[in-house]
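Each chain, written out:
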Amino acid sequence: MKQKIKIWDSCAHLYECHNVTEHPDIVAFKGFEENLLDKILLHLTKEQNRPISLIDIGCGTGRLHLRYGQRIHIPELRNVFGIDISKKMLDLAIEKIKKAGINKIATPALSFKQGSAFDFEAEPINSIQVAVNLNNTIGTMQGQKGAVKLFQTLNRFVENTKGIAIISCYMKKYIETYALPQYESSLYICGQPIWLKPDTYSTNKYKQLSTQYKKSYSNDPFLKVDVYDIQGSLIKKNHVLKRDPVLVKQTIESGVIHTFSNYKSHWYNFQMIDNLIKIFWESKSYHVQTKELDPQNAEQGQLAILDYGNNLQNFFETLSN
Ligand SMILES: C[S@@+](CC[C@H](N)C(=O)[O-])C[C@H]1O[C@@H](n2cnc3c(N)ncnc32)[C@H](O)[C@@H]1O
């Protein structure tokens, strides 16, 4: 676990600057997730008329805290609580909240805890709990054993208040079209993907910044990067990295992104998430391909939703009208 914390601590700043705010495909998918969550929270407000607590598991730099603390008003939302293993991620989240001028007594109340989400127990609470795990965070949570623990943890979090749990993640079948170009564009965050042949500049003495975002469906085998040394001096412009076809094939087959800095992200297939839903969430759950809800922004995703109190009855029908 220490190694995992180190990886997220070391990329926190770049993750915030580049991944959260810039990459077009990631921004589109996050926009889809946020719009859907707004609608679910408003639906609950209208149907239930009781206070709501939102728990963001693997909250990173706190985008939901900022969204509901500053930009979007949900009448019954009383708390936004985030859990993350990385202190650096949480430090950035707190810094953003301060910069935005959100004060401590504002509603919803914003709070964080550092640690593994698997170690937390749900606290007794009157409001209805909505626990979310967004942007393929499940794929970064300690492999398949972590995925199992996440389903159990979410269940624990929402069962007492008959709440809702949502896992929003990517699908393995889109690893070639979405993951490869996406991770090549952001190799300075997670490190150089193993399918790009290593050369002189692939060591930790250098930082490589891609010169453009490779959009989804790009199968260009080359990637142009500017190379910097650790002090930030430009060493080489337009250096070209090339894909290794054998490792590209291996990545597509395994559904796992590996980088030379030991970063790992799983893109799980629909069947595997389906099995976990059946084992841990039984009935009262939905499994949705996000393409069906928003083909333009969310082709690559899937949603696992646990709906303990049947709160979302009719919700998906309302969406398609
Ligand atoms: C891909 S980032 C997503 C961040 C955020 N959910 C978002 O959408 O921007 C994954 C986050 O999960 C966190 N994480 C990984 N394993 C975790 C665990 N066991 N418990 C809590 N957080 C974890 C990492 O520190 C990182 O901030």
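Residues numbered from 1 in each chain as written. Predicted model: local features only at pLDDT ≥ 70, side-chain atom pairs only at ≥ 80, totals over all residues.

Observations regarding the overall build of the chain
Put simply, the rule is: Secondary structure elements are defined from DSSP: runs of H or I of at least 4 residues count as helices, runs of E of at least 2 residues count as strands, and each element is numbered from the N terminus. For a compact globule the rule gives 2.2 Å times the number of residues to the power 0.38, and the radius of gyration it is set against comes from C-alpha atoms. Exposed residues have 12 or fewer other C-beta atoms within 10 Å of their own C-beta, buried residues have 20 or more, and residues in between are partly exposed; the C-beta atoms are placed from the backbone. In this description, a residue-residue contact is defined by the distance between C-beta atoms placed from the backbone, which must lie within 7 Å.
Counting secondary structure elements, the chain contains 10 helices and 12 strands. Relative to a compact globule of 321 residues, whose C-alpha radius of gyration would be 20 Å, the chain shows 20 Å and is just as compact. Within the span of the chain, comprising 321 residues, buried residues form 40% of the whole. Taking the contacts inside the chain whose residues are at least 6 apart along the sequence as the reference set, 73% of them involve residues at least 24 apart.

Regarding the sheet that holds strand β12 (residues 301-307)
Rule in force here: Only when DSSP finds a minimum of two bridges between them are two strands counted as paired. Only the stretch in contact is used when a helix axis is fitted, and all axes are lines through C-alpha atoms; the angle between N-to-C directions ranges over 0 to 180 degrees.
A sheet is described by the order of its strands in space; here 7 strands give the open sequence β3-β2-β1-β4-β5-β12-β11, paired in mixed fashion. The strands lining the two open edges of the sheet, one partner per strand, are β3 (109-114) and β11 (285-289). Put simply, the sheet's adjacent strands are angled 15° from each other on average, direction ignored. In terms of strand pairing, strand β1 (residues 52-57) meets strand β2 (residues 77-84) through 6 bridges, oriented parallel. Within the sheet, the bridge partner assigned to Asp56 lies in β2 and is Gly82.

Structural notes on the environment of Leu234
Position of Leu234 relative to the elements: it lies in strand β8 (residues 234-242). On the neighbour-count criterion, Leu234 (10 C-beta atoms within 10 Å) is exposed. Placed 55 residues apart in sequence, Leu234 and Ala179 show a C-alpha to C-alpha distance of 28 Å. The contacts of Leu234, once residues within four sequence positions are left out, are Asp226 and Tyr228.

Considerations on the domain arrangement of the chain
Cut-off, in case you're wondering: An automatic or database domain assignment supplies the residue ranges for each domain. Here the nonpolar group is Ala, Val, Leu, Ile, Met, Phe, Trp, Tyr, Cys and Pro; Asp, Glu, Lys and Arg are the charged ones; every other residue, Gly included, is treated as polar.
In terms of domains, the chain is made up of domain 1 (2-171 + 268-320) and domain 2 (174-265). The straight-line distance from the C-alpha centre of domain 1 to that of domain 2 is 28 Å. Contacts between domain 1 and domain 2 engage 20 residues on the former and 16 residues on the latter. Contributions of two or more residues to the side of domain 1 that touches domain 2 are made by α1 (2-20) and α2 (24-48). Looking at the side of domain 1 that touches domain 2 residue by residue, the classes come out as 9 nonpolar, 9 polar and 2 charged.

Describing the environment of Gly232
Within the fold, Gly232 resides in the loop between β7 (222-229) and β8. Through-space distance from the C-alpha of Gly232 to that of Lys207 is 8.1 Å; in sequence the pair is 25 residues apart.

Considering the nonpolar core
Worth spelling out the cut-off: Nonpolar cores are identified as sets of buried Ala, Val, Leu, Ile, Met, Phe, Trp, Tyr and Cys residues joined via C-beta atoms within 7 Å.
In terms of nonpolar packing, the biggest core is built from 64 residues, with Leu54, Val130, Ala131, Leu154, Ile164, Ala165 and Ala179 touching the most fellow members. With 6 residues, the top contributor of residues to this core is strand β5 (residues 164-170). In this structure, this core is formed jointly by two domains, domain 1 (2-171 + 268-320) and domain 2 (174-265), each of which donates at least three residues. In this structure, Leu154 is in contact with Ala131, Asn133, Ala165 and Leu306, ignoring residues within four places of it in sequence.

Some points on the sheet that holds β7
The antiparallel open sheet is built from 3 strands, whose spatial order is β6-β7-β8. If you trace the sheet from one side to the other, it starts and ends with β6 (206-210) and β8, each paired once. The mean inter-strand angle of the sheet, taken between neighbouring strand axes irrespective of direction, is 35°. Two elements, β7 and β8, share 6 bridges in a ladder whose sense is antiparallel.

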